[in-house]
Amino acid sequence: MVLKCEDLTVGYEGAGVAQNISFEVKEGDYLCIVGENGAGKSTLVKTLLGLQKPLAGKLERTFDTSELGYLPQQTLVQKDFPATVEEIVLSGCQNKMHLIPFYRPQEKERARHNMERMEITALAKRSYRELSGGQQQRVLLARALCAAEKLLILDEPVAGLDPKVTEELYDFVRRFNEEGTTVIMITHDMSAIRYASHILSLGAFPFFGTKDAFLLTERGKRLTASSGMTLEAEHV
């Protein structure tokens, strides 16, 4: 078990945004969290990350921050960050270094390996701010992979990307999951769920279970139909 929530309520200043959330993530799972705007997806993730406390319910985690890779939604300030690709990817190792003030060979090798996995080695000395949106997301995912030991959490990772780049990013995440990385992805893009093992749906029609079970629900059928997907395609 990586994490488990029982009757969780999340929100701010005592006001619940999402209530009665129950789900479990096991090692190797690929969980997609879906729901309408305002359903509490990002608030739930902040709670899972320990950035805010749950308002009610029980939350169990078997990881600490040094074992977690997190790719948040990118802001305009982040897009203009004045650093090289290599520097940004290396910064993903900082939680593992404790009080050591410089990068050791093992951190540099970890960064090199993850840049290679994301196929951005040739960009290592480039300025991050000069890259395309898709290239920047690859850099940030490589950074998150440097931090990830037990879990990779992605919050709307394809927002603002064109369809081709979106598919490339989904394919990278699928590959890492197949290699053993546990994944939680928050998304409004229903095409993302075809790679998921489990779905957590927040909002008026809460659901937690396998992807196949979700696709058989009325909401699952409606959402996949509206995104132009078919049930048959989901099983490929």
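In this convention, every chain numbers its residues from 1, walking through the sequence in written order. Restriction of local features to residues with pLDDT of at least 70 applies here, the model being predicted, together with a cutoff of 80 or more for giving and counting side-chain atom pairs; totals for whole chains, interfaces and linings are based on all residues. Water and hydrogen atoms were dropped before computing side-chain values, which therefore reflect all heavy atoms in the structure.

Draft legend 1. Structural context of the packing of helix α4 (residues 105–117) against helix α5 (residues 133–147). Axis separation between α4 and α5 bottoms out at 9 Å; the angle between their running directions is 135 degrees. Accordingly, the angle class assigned to the pair α4 and α5 is oblique. The handedness of the crossing between α4 and α5 is right-handed. Contacts from R110, A111, N114, M115 and R117 of α4 reach α5 at A142, L145 and C146. Axis angles are defined between N-to-C directions and span 0 to 180 degrees, where every axis is a line fitted to C-alpha atoms and, for a helix, only to the segment in contact. Helix and strand definitions here come from DSSP, where helices need a minimum of 4 consecutive H or I residues and strands a minimum of 2 consecutive E residues; each element is numbered from the N-terminal end. Each angle gets one of four labels, with under 35 degrees taken as roughly parallel, over 145 as roughly antiparallel, 65 to 115 as roughly perpendicular, and the rest as oblique. By convention the crossing between two helices is left-handed if the near helix lies anticlockwise of the far one by an angle smaller than a right angle, and right-handed if it lies clockwise. Contacts are assigned to residue pairs that have any heavy atoms within 4.5 Å of one another.

Draft legend 2. Main features of unusual backbone geometry. Positive phi, normally seen in glycine, also occurs at D7, with a value near 50 degrees. Summarising the element assignment, D7 is placed in strand β1 (residues 3–12). The phi dihedral of E119 is positive, around 60 degrees, even though this residue is not glycine. Relative to the helices and strands, E119 is located in the loop between α4 and α5.

Draft legend 3. A look at the state of the cysteines. The disulfide criterion used throughout: a pair of cysteine sulfur atoms within 2.5 Å. A full pass over the atoms with the stated rule returns zero disulfides. No disulfide involves C5; its nearest neighbouring cysteine sulfur is the one of C32, lying 16 Å away. Judged by its relative accessible area of 2%, C5 is buried. Under the scheme applied here, a residue whose accessible area is under 20% of the maximum for its type counts as buried, over 50% as exposed, and between as partly exposed, the area being computed with a 1.4 Å probe on protein chains only. Overall, C32 belongs to the buried group, its relative accessible area being 0%.

Draft legend 4. Broad picture of the sheet that holds strand β2 (residues 15–25). Sheet architecture is open: three strands sit in the order β2-β1-β4, paired in antiparallel fashion. Looking along the sheet, the strands with just one partner apiece sit at the ends: β2 and β4 (56–61). Taking the axes of each pair of neighbouring strands and ignoring which way they run, one obtains an average angle of 30 degrees across the sheet. Each pair of strands is called paired provided DSSP finds at least two bridges between the two strands. Looking at chain direction, β1 and β4 are connected through five bridges and run antiparallel. Residue pairing in the sheet places C5 in a bridge with L59 of β4. The sheet contacts of helix α1 (residues 41–48) involve β1, β2 and β4, and relative to β1 the element is tilted by about 120 degrees.

Draft legend 5. Geometry of the pattern of salt bridges. We count a salt bridge whenever a side-chain nitrogen from Lys or Arg sits within 4 Å of a carboxyl oxygen from Asp or Glu. Tallied over the full model, the rule gives 18 salt bridges. Where E60 meets K58, a salt bridge forms, and the shortest distance between an N and an O atom there is 3.7 Å. The partner of R112 in a salt bridge is E116, and the shortest N-O contact between them spans 3.1 Å. Here R112 and its partner E116 are both found in helix α4, four residues apart, which amounts to about one turn of the helix. By sharing partners, the salt bridges in this structure join E119, R138, K164 and E168 into a single network.

Draft legend 6. How the structure looks around the packing of aromatic side chains. Ring pairs are drawn from Phe, Tyr and Trp, using the six-membered ring of Trp, whenever the two centres fall within 6.5 Å, and their geometry is named by plane angle: stacked under 30 degrees, edge-to-face over 60, tilted for the rest. Considering all chains together, one arrives at three aromatic pairs under this definition. Their ring planes at 55 degrees and their centres at 6.0 Å tell us that F23 and F208 sit as a pair that is tilted. Placement of F23 in strand β2 and of F208 in strand β9 (residues 207–210) is noted, with a sequence separation of 185 residues between them. Seen from their ring centres, F207 and F214 are 5.4 Å apart, and the 50 degrees between their planes marks the pair as tilted. We note that F207, like F214, is buried.

Draft legend 7. Up close: α1. Across the eight residues that make up α1, a large majority, six, are buried. Turning to α1, its buried residues number three or more, namely K41, T43, L44, V45, T47 and L48. Phi turns positive one or two residues past the end of α1, at G50, with a value near 85 degrees.

Draft legend 8. Spatial organisation of the environment of R174. By the secondary structure assignment, R174 is in helix α6 (residues 163–178). On a C-alpha basis, the gap between R174 and E119 in space is 15 Å, while along the polypeptide they are 55 residues apart. Once residues lying within four places of it in the same chain are set aside, the contact partners of R174 are Y30 and Y195. Two N or O atoms form a polar contact when they lie within 3.5 Å of each other; inside protein one atom must be a possible hydrogen donor and the other a possible acceptor, and for residues adjacent in sequence the pair counts only when both atoms belong to side chains. For R174, the side chain forms a polar contact with the side chain of E178, separated by 2.8 Å.

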